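Chains, contacts and geometry: an overview
Chain residues, written in single-letter form:
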There are 2 protein chains.
Amino acid sequence: MAEPYRLTASQALGLMKKGDLTVEDYAKSLLARIKARDEEVKAWVYLDPDFVLEQARKLDAIPADQRGPLHGVAVGVKDVILTKDMPTRHNSGIYADTPAPLVDAAPIITLRAAGALIFGKTTTTEFASTSDGGPSCNPHDKNRTPGGSSSGSGAAVGDYQVPIGLGTQTGGSTIRPGSFNGIYAFKPTWGAISREGLAQYSMTCDTLGLYARSAEDLELLSSVFQLADDEPVPAEPFAIKGSKIAFCKSPVWAKAGPGTQKAWETAKALLTQQGATVEEIELPEDFAKIKQWHSQVLAGEGRTSFLGNYLLGKDKMHKMLHGHVENSSKLSRKAQLESYDGCARLRPVWDDIASKYDAVFTPSVTGEAPLGIGNTGDASFCSMWTILQVPCLNIPGFAGENGMPIGLTLVGPRYHDLHVLHAGKAIGDVFEKEGGWEMKLF
Amino acid sequence: MAEPYRLTASQALGLMKKGDLTVEDYAKSLLARIKARDEEVKAWVYLDPDFVLEQARKLDAIPADQRGPLHGVAVGVKDVILTKDMPTRHNSGIYADTPAPLVDAAPIITLRAAGALIFGKTTTTEFASTSDGGPSCNPHDKNRTPGGSSSGSGAAVGDYQVPIGLGTQTGGSTIRPGSFNGIYAFKPTWGAISREGLAQYSMTCDTLGLYARSAEDLELLSSVFQLADDEPVPAEPFAIKGSKIAFCKSPVWAKAGPGTQKAWETAKALLTQQGATVEEIELPEDFAKIKQWHSQVLAGEGRTSFLGNYLLGKDKMHKMLHGHVENSSKLSRKAQLESYDGCARLRPVWDDIASKYDAVFTPSVTGEAPLGIGNTGDASFCSMWTILQVPCLNIPGFAGENGMPIGLTLVGPRYHDLHVLHAGKAIGDVFEKEGGWEMKLF
């Protein structure tokens, strides 16, 4: 048997169901993996091995017929999500000494109810808002960033330290680390998972994000979170043959570097080979305005969201957040409202466009993870989809010019989350096998 | 000097600034008032007098030049808002024994930074979502509801137990208790105050609400929360004379009972007497759809918001919340999205209409607080404005057929919060003096 830490959540669950693996042994394997790798990757801000093992033993003590669908599945939690038994520190000096809040964020309640083993807290940029990175490194190259702001969850899942990670996305904070770490990353439709108990930056954009090393694991999570489309997903796998797949370069395509360009062409060729009809599509002109609207919504909403902490400890806060609270960009309410209304007008337009295809691809990132851990990279390709509030799935499988992973994003109409995952699973199989990048263990 | 508990926040602050009142003495006066009245009104779910006095003494120890703009102002907090030193129990059996969460909701951080004295937690309906009332009573008639879901904050402020209360509004949960208790109630523009750390029901509607017994106090709070319109509010009082004031019956006018109808006519007459041009306006037909859209958005978002607690303690939850999670109304995602998009389309239409007037009035409630405390009343007149995300101010001053208070709501375009308060202050002076209802002390 492979070391348990190498397993996906679904594989580990299978063994546990058969009685071939205890939660405690599973947790021990993950803890050993973390011990071996943490000095290099630095994905965790809070991890108490004894507490993890104590929780694992409690899960093992649950009779088999009372176990939840995520029984014993280890989950790394971005440190902007409240966990009752672990502190939540937001990578902020203001919360450096804060104790465990004794209250769980709503998604944590759901995961615990399903039997998940909440493992520890993973690194984030300050309040999940800046692109100042560190200390986490990319597991595939310690001289590169794992992306952000969900840095630790992306790196920990990419490095086989846990099978599942929770992130959040306001710009590109879930999808970008997904691409940089070579894993599946899913940002569901805005509102499809409760965000009670998550740090607030932008009410319009903030969304819980999910990481895994297989699309199957994301389907498992989406069933726990009771995601539901109007049309049920077929029981049989998505048929690439005969499907109609759009490639949407989006208004920021000029930012795509050689790695993303190559992934783009490879993906089109692979899908065509598999019998799909592939078509490049262009969005109506108005969509080019969304990038600015997104910035304006973040500036306007950040002004509100960071006020309390600004009053509490301005000197410990990033200058960008001062700028938000002080409205240094002199954003008018009128411009903020025009941004809301503009995005709202385009949401159904996008839904209509996407509904004409079985799947739509768009870039995840400008290219492979950049050198250096000081900056978590560019979210340009993600922010439009975040504020359109649509489901986004990063599918790994491609390699950049330095052999680092690059993914592409499958986007769908709002509340077609399960359809996106369904298509992503079949397409991901192809990309993983033939896209040119392979997951490695370090 | 009047007993300190009778003072508005601004009046108490004035005395404290002059050194004529300590926070401790102020708190003692409020505590005595609560002690005298609590058996009848039952506004509080958590109140620790010793702890309040300890906090008060700490505030008194702050040197005069370091005191905040709300120094010593007592605030009652609806029990769905996290307070680090007091439990938050949501009127839910699931949280009956939960300890203080050691973390403050964002608005509480802001209030504490301004020197407020967080006094205790006030009653709410279960998760601020149902209209099942009790145990709180209306201070003006213990056989009547104080409204809900912000029952305790509305009753406590109306009964002179604290000068300021925090509520929330998803349908009419701030404005309705405002009207029923004869106080000023303000629901700012959606997003104008952070909702981090508040219970989540509907991301699209949930808004923090503020209670006070004077418009001046609400202006003080809005300055602490740094609400800001694009156009500054004039330094001089709003001139009713020469102003253009619209009266918008809204698509649910048929629900207005005799008390609200009388208040409506009285208000028009008073404003006309004062030299305003008063005009009844009708909204375009599409606005009649908003009531259903609001229900659908709550059903769709409640499905997500209550999932965690449903999994945790379904048997301790209200059947309506089961219905949300189980989607018993069989709401499709398509209908939910059409509701989002329909409301989004009408928001700028409303802003344009409202911008043509100096002030727009609409009913707050169907009539005076109904008999019985088992049901918190009807939110029909509020829900449209909540989902339009516009500022709403309940102005008291009118009397129903049983002598109970009735208010009217001043509504504005989004992010014209200060303008609404500015107009509301001048108009409130008139309504309070000549509307026919007078605040009484019991």
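Residues numbered from 1 in each chain as written. Chains lettered and ligands numbered in written order. Predicted model: local features only at pLDDT ≥ 70, side-chain atom pairs only at ≥ 80, totals over all residues. Heavy atoms only, no water.

Within an unreviewed UniProt entry, the label attached to chain A reads Amidase signature (AS) enzyme-2, and the organism entered is Coleophoma cylindrospora.

1. A short note on the overall build of chain A
Each helix and strand in chain A was counted, giving 14 helices and 11 strands. In terms of C-alpha radius of gyration, chain A reaches 20 Å, essentially the compact-globule figure of 22 Å for 442 residues. For chain A, the spread of C-alpha atoms along the principal axes amounts to about 60 × 60 × 40 Å. Put simply, chain A has 442 residues, and 66% of those count as buried. (Helix = DSSP H or I, 4+ residues; strand = E, 2+ residues; numbered from the N terminus. Rg over C-alpha atoms; globule rule 2.2 N^0.38 Å. Buried < 20%, exposed > 50% of the residue type's maximum accessible area, 1.4 Å probe, protein only.)

2. Here's the deal with the state of the cysteines
Residues and elements named next belong to chain A. Under the counting rule described, the total for this entry stands at 0 disulfides over all chains. Just so you know, C205 is unpaired, no disulfide at all, and the nearest cysteine sulfur is the one on C343, 7.4 Å from it. A residue is classified by how much of its surface remains accessible, and C205, at 0% relative accessible area, is buried. C248 forms no disulfide, and the closest cysteine sulfur to it belongs to C392, at a distance of 11 Å. (Disulfide = S-S within 2.5 Å.)

3. Re the relation of the copies chain B and chain A
For the pair chain B and chain A, the relating rotation is 180°, the translation along its axis is 0.0 Å, and the fit reaches an RMSD of 0.0 Å. Such a combination of turn and shift is consistent with a two-fold rotation axis. Among all residues of chain B, the minimum C-alpha distance to the rotation axis is found for P101 of chain B, at 2.5 Å. When the interface residues of chain B are mapped onto chain A, 98% of them again lie at the interface, so the same face is used by both copies. (Least-squares fit on C-alpha atoms with pLDDT ≥ 70 in both. Contact = heavy atoms within 4.5 Å.)

4. A look at the sheet that holds strand β5 (residues 184-187) of chain B
All names here are of chain B. Ordered by their spatial adjacency, 11 strands build an open sheet running β1-β3-β2-β4-β6-β5-β10-β11-β9-β7-β8, and the pairing between neighbours is mixed. Two strands lie at the open edges of the sheet, namely β1 (44-46) and β8 (277-281), each paired on one side alone. Taken pair by pair, the neighbouring strands of this sheet meet at an average axis angle of 30°, ignoring direction. Summarising the sheet, strand β10 (residues 392-399) and strand β11 (residues 405-411) pair through 6 bridges and their orientation is antiparallel. Each bridged residue has a counterpart across the sheet, and for C392 the counterpart in β11 is V411. (Pairing = 2+ DSSP bridges. Axes fitted to C-alpha atoms, helices over the stretch in contact; angles between N-to-C directions.)

5. Observations concerning helix α1 (residues 9-18) of chain A
Among the residues making up α1 of chain A, those that are buried are A9, S10, A12, L13, L15 and M16 of chain A. Looking at the residues trailing α1 of chain A, positive phi occurs at G19 of chain A, about 85°.

6. Observations regarding the pairing of strand β2 (residues 74-78) of chain B
Side chains on a regular strand alternate between the two faces of the sheet. All names here are of chain B. β2 sits mainly inside the fold: 5 of its 5 residues count as buried. Alternating residues of β2 divide into A74, G76 and K78 and V75 and V77, and every residue in both groups is buried. For β2 and strand β3 (residues 117-122), the ladder comprises 5 bridges, and the chain directions are parallel. Looking at β3, one finds that K78 is bridged to T122. Read as a crossover between parallel neighbours, the route from β2 over helix α4 (residues 106-113) to β3 is right-handed. Relative to strand β4 (residues 164-169), β2 runs parallel, the two sharing 3 bridges. From the neighbouring strand, V75 faces β4, where its bridge partner is I164. (Right-handed = clockwise from strand over helix to strand, strands pointing away.)

7. Topic: α4 of chain B
Among the 8 residues of α4 of chain B, 6 are classified as buried, and the element is accordingly described as predominantly covered. Every buried residue belonging to α4 of chain B is among A106, P107, I108, I109, T110 and L111 of chain B, and all of these are buried.

8. A look at the pattern of salt bridges
The final tally for this structure, using the stated rule, is 42 salt bridges over all chains. Here K268 of chain A and E265 of chain A are joined by a salt bridge, their closest N and O atoms 3.4 Å apart. Taken together, the residues span about one helical turn, with K268 of chain A and E265 of chain A both in helix α8 (residues 258-273) at a distance of 3 residues. Residue E265 of chain A is classed as partly exposed on the basis of its relative accessible area, which comes to 43%. Notably, a salt bridge pairs R112 of chain B with D85 of chain B, separated by 3.0 Å at the nearest N-O pair. You can see R112 of chain B sitting in helix α4 and its partner D85 of chain B sitting in the loop between β2 and α4, a full 27 residues away along the chain. According to the relative accessible area criterion, R112 of chain B is partly exposed, its value standing at 22%. In this structure D85 of chain B comes out as partly exposed when scored by relative accessible area, which is 21%. It is possible to trace a salt-bridge network through shared partners that takes in R33, R37, E40 and D159 of chain A. (Salt bridge = Lys/Arg side-chain N within 4 Å of Asp/Glu carboxyl O.)

9. Re the environment of Q161 of chain A
Residues and elements named next belong to chain A. Position of Q161 relative to the elements: it lies in the loop between α5 (151-158) and β4 (164-169). For Q161, a relative accessible area of 0% translates into the label buried. For the pair Q161 and V278, spaced 117 residues apart in sequence, the C-alpha to C-alpha distance is 37 Å. Other than its neighbours up to four places away in sequence, Q161 contacts L30, R33, I34, R37, V41, A43, W44 and A156. Looking at Q161, its side chain comes within polar contact range of the side chain of W44, at 2.8 Å. Reaching out from Q161, the side chain makes a polar contact with the side chain of D159 at a distance of 2.7 Å. (Polar contact = N/O pair within 3.5 Å; in protein donor to acceptor, adjacent residues only side chain to side chain.)

10. Overview of the interface of chain B and chain A
With 51 residues of chain B at the contact, the number on the chain A side is 50 residues. Between chain B and chain A, the buried area comes to about 4100 Å², and carbon and sulfur atoms account for 60% of it. If you look at where chain B meets chain A, you find 2 salt bridges. Among the ionic pairs, R414 of chain B bridges to D341 of chain A, the shortest N-O distance being 2.7 Å. At the boundary of chain B and chain A, one finds 19 residue pairs in polar contact (both at pLDDT 80 or more). Secondary structure elements with two or more residues in the side of chain B that touches chain A: α4, α9 (290-305), α10 (307-313) and α12 (333-355) of chain B. If one sorts the elements of the side of chain B that touches chain A by residue count, α12 of chain B sits on top with 9 residues. Residues of the side of chain B that touches chain A, tallied by class, amount to 28 nonpolar, 12 polar and 11 charged. (Buried area = accessible area lost by both parts, 1.4 Å probe. Nonpolar A, V, L, I, M, F, W, Y, C, P; charged D, E, K, R; others polar.)

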